[in-house]
Amino acid sequence: MLKEKVLKTIKKFQLIPKGSKVLVALSGGPDSVTLLHVLLSLKEELQIEVFAAHLNHMLRGEESERDERFVKELCKKWNVPLLTGRVNVKEISKGRNVEAVARDVRYKFLNEKLKEIDGNLIATGHTASDLLETVLLNLAKGAGVKGLRGFLPKRDRIVRPLFEVTREEVEAYVKEKGLPFVVDSSNLSTEYERNLLRLKVVPVLKEINPSVETAVLRTTEILRDVEEFLELSVEPLLREFLKDGKFCIPLTEFKKLHDALKKELITRAYRALTGESLSYENVSSVISLLRKEGYKEVELSKGFIAYRDQRELCIQRKEEGDVKPFYFEVRELPAKVDTPVGTLFFEKDRGKPVVSYEEFKEKGIIIRSRKPGDRLIFRRFSKPLKKFLIEKKVPAKERDKLPIVISGDRIIWIPGLYRAYINDTHVSYVGVRFEKSDSKGFDTGREDKAESSGTC
């Protein structure tokens, strides 16, 4: 029965194409021994070559040596090519989680050995019971769709033919076939989280539902479908808005998405940029930017930040002295605009006049960072903004922080540096007031001198 069940799983998930070279991760425990035995019995039917690999982690002294001797004898008896290795995991852990280090080292070893045999797939002995424990562990720690669906029957070159087989079925199989195996004594210690679940929590769940693994398999199948739907839905958005090492999406586009898609898009964009997962707290902090006004940013991990201005939500690497492009539009008064160096307040007939009210009603006001080709208009000539800022001795690292105030296609004001000519015969005007932020910025104390010498 178990052999037929495994074959059904292999076909259902298309785990092992015909002609594959399959490397079995063989620890010597009942799961991996069962996996090797079943694949050998299906060898002709699947038209595959079967190899085995064993890594001695050197964590359990003589017991680890015993395991290595056992798999060597087993593979010799079953005529299976065996590749072995030894790594002192405790020595290389250096304070890190030993289980996590052992896992990383093991998969690195398996991938190396797969290349040595020019193989196609690595088969591991993970069962439905392991899936149950993984889901419970992730649930206890807090997880999204990906965490709650647990590991997959196939991921890249790793396949799990025992994915729908329970531990009880494995135990019955090794007993029926009289298969030898070794027992890892560390599996009996409740010092490890997974063992605690296996020994204390799962038995209680089985009292409620003896087929709890089957129930979890159904649930994770649903979650895999949900995950696939989310991924397919955000893929076009990633292709469109993930470019040049950063992700930027117009707020109008982002706000139209369902909350689940927003979170998935942020998570996928961050993973595409960093190769890492984004915590629930970080995802929530990015979403919270939508409820704020003006320029706002939040720090993520791996040296990345997320920020929003009036037009876009972006995720990108935070560089020392780096300033993100920003853009805001004012159509109604009074208005408040937060910029990287301070806050601008626009009011009718109050503050420093920058544009007539009549022109404002027609064209509005735009506040943005500088762009190539920007020019300042004086009474009898014009000048490139870049040249003007150099003449005013504005430090290069501060220039992209300057809020450039635009009316139509002309620059009308730069706080502390420039104010375009405004006809004082107008009865009503739009005035501006600037409050410098606590962050480092240009010296607004030079404003009066700059305006008297640099405007018309």
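Quick caveat, the model's predicted, so the values are computed rather than measured.

**A word on the overall build of the chain**
Piece 1. On a plain count of helices and strands, the chain comes out with 18 helices and 22 strands.
Piece 2. Computed over the C-alpha atoms, the radius of gyration of the chain is 32 Å, more than 25% above the 23 Å expected from 2.2 N^0.38 for a compact globule of 456 residues.
Piece 3. Taken along its principal axes, the extent of the C-alpha atoms in the chain is 100 × 40 × 40 Å.
Piece 4. Burial status across the chain gives 47% buried among its 456 residues.
Piece 5. Nonlocal contacts in the chain, meaning residues at least 24 apart in sequence, comprise 68% of its contacts between residues at least 6 apart.
Piece 6. As displayed, the chain offers around 24400 Å² of accessible surface, 50% of which is attributable to carbon and sulfur atoms.
Piece 7. When the 85 basic and 71 acidic side-chain charges of the chain are each reduced to a single mean position, those positions are 3 Å apart.

**Looking at the sheet that holds strand S5 (residues 154-155)**
Piece 1. One open sheet holds the six strands; their spatial order is S3-S2-S1-S4-S6-S5, and the pairing between them is mixed. The outermost strands of the open sheet, each flanked by one partner alone, are strand S3 (82-86) and S5.
Piece 2. Of the pairings in the sheet, the one linking S5 to strand S6 (residues 158-159) comprises two bridges and is antiparallel in character. What sits directly across from Lys154, in S6, is Val159.
Piece 3. The strands touched by helix H4 (residues 62-77) are strand S2 (49-56) and S3; relative to S2, the strand with the most contacts, the crossing angle is about 165°.

**Some points on the UniProt feature "binding site: ATP" (unreviewed entry) in the chain**
Piece 1. Within this structure's numbering, the places UniProt gives as "binding site: ATP" (unreviewed entry) are Ser27, Gly28, Gly29, Pro30, Asp31 and Ser32.
Piece 2. Note on placement: Ser27 falls in the loop between strand S1 (21-25) and helix H2 (30-41).
Piece 3. You can call Ser27 partly exposed: its relative accessible area is 42%.
Piece 4. What Ser27 contacts, discounting residues up to four positions off in sequence, is Ser32, His54, Asp67, Val71 and Val182.
Piece 5. A polar atom in the side chain of Ser27 sits 3.2 Å from the backbone nitrogen of Gly29.
Piece 6. Of the residues examined, Ser32 reaches a relative accessible area of 5% and is grouped as buried.

**Describing the layout of surface pockets**
Piece 1. Considered as a void within the structure, the second largest pocket measures approximately 720 Å³ in volume.
Piece 2. As for the second largest pocket, its lining consists of 20 residues, and the residues nearest its centre are Gly144, Val145, Lys146, Thr267 and Leu278.
Piece 3. Contributing elements (two or more residues each) for the lining of the second largest pocket: helix H8 (145-148), helix H11 (212-241), helix H13 (259-274) and helix H14 (280-288).
Piece 4. Counting residues per element, the lining of the second largest pocket draws most heavily on H13, at five residues.
Piece 5. Split by residue class, the lining of the second largest pocket holds seven nonpolar, seven polar and six charged.

**A few points about the side chain of Thr134**
Piece 1. Mapped onto the elements of the fold, Thr134 is located in helix H7 (residues 128-141).
Piece 2. The contact partners of Thr134, leaving out residues within four places of it in the chain, are Gly150, Phe151 and Arg194.

**A short note on H11**
Piece 1. Taking 1.5 Å per residue, 30 residues should reach 44 Å; H11 reaches 42 Å between its end C-alpha atoms and fits that length.
Piece 2. Residue Val234 marks the point of greatest curvature in H11, where the axis turns by about 35°; the proline Pro236 follows within four residues.

**Side note on the domain arrangement of the chain**
Piece 1. Split by domain assignment, the chain resolves into domain 1 (2-221), domain 2 (244-317) and domain 3 (327-453).
Piece 2. One C-alpha centre belongs to domain 1, the other to domain 3; they are set 65 Å apart.

**A look at the sheet that holds strand S22 (residues 429-436)**
Sheet strands line up and pair through hydrogen bonds in the backbone, either parallel or antiparallel.
Piece 1. One open sheet holds the four strands; their spatial order is S13-S14-S22-S15, and the pairing between them is antiparallel. The sheet is open, and its two borders are formed by strand S13 (335-339) and strand S15 (352-356), each paired with just one other strand. For this sheet the average axis-to-axis angle between neighbouring strands, irrespective of direction, equals 25°.
Piece 2. Two strands pair when backbone bridges link them, and strand S14 (residues 342-348) and S22 are joined in this way by seven bridges, in the antiparallel orientation. Paired with Gly342 across the strands is Lys436, a residue of S22.

**Regarding the environment of Gly150**
Piece 1. Relative to the elements of secondary structure, Gly150 occurs in the loop between H8 and S5.
Piece 2. Between the alpha carbons of Gly150 and Leu223 there is a distance of 9.3 Å; along the sequence they are 73 residues apart.
Piece 3. Setting aside anything within four residues of it in sequence, one finds Gly150 in contact with Leu131, Thr134 and Val135.

**Examining the packing of H11 against H13**
Piece 1. Running from amino to carboxyl end, H11 crosses H13 at an angle of 60°, the nearest separation of the two axes being 9 Å. Note that H11 runs across H13; the crossing there is right-handed. The segment H11 lies against H13, with Leu230, Glu231, Ser233, Val234, Glu235, Leu237 and Leu238 engaging Ala260, Leu261, Glu264, Leu265, Arg268 and Ala269.
Piece 2. For the contact of H11 with H13, the per-class residue count stands at eight nonpolar, one polar and four charged.

Rules used in this analysis
Residues numbered from 1 in each chain as written. Predicted model: local features only at pLDDT ≥ 70, side-chain atom pairs only at ≥ 80, totals over all residues. Heavy atoms only, no water. Helix = DSSP H or I, 4+ residues; strand = E, 2+ residues; numbered from the N terminus. Rg over C-alpha atoms; globule rule 2.2 N^0.38 Å. Buried < 20%, exposed > 50% of the residue type's maximum accessible area, 1.4 Å probe, protein only. Contact = heavy atoms within 4.5 Å. Areas by Shrake-Rupley, 256 points an atom, 1.4 Å probe, with all protein chains shown as cover. Lys, Arg positive; Asp, Glu negative; His and termini not counted. Charge placed at Lys NZ, Arg CZ, Asp CG, Glu CD. Pairing = 2+ DSSP bridges. Axes fitted to C-alpha atoms, helices over the stretch in contact; angles between N-to-C directions. UniProt positions renumbered as here; feature names shortened; annotations may be inferred. Polar contact = N/O pair within 3.5 Å; in protein donor to acceptor, adjacent residues only side chain to side chain. 1 Å grid on protein atoms, 1.4 Å probe; cavity = no way out; pocket = protein on both sides within 12 Å on 5 of 7 lines; lining within 4 Å. Points joined across faces, edges and corners; volume = space filled by probe spheres on them. Nonpolar A, V, L, I, M, F, W, Y, C, P; charged D, E, K, R; others polar. Expected span 1.5 Å × (residues − 1). Bend = angle between axes of the 7 residues up to and from the residue. Domains from an automatic or database assignment. Left-handed = near helix turned anticlockwise from the far one by under 90°.

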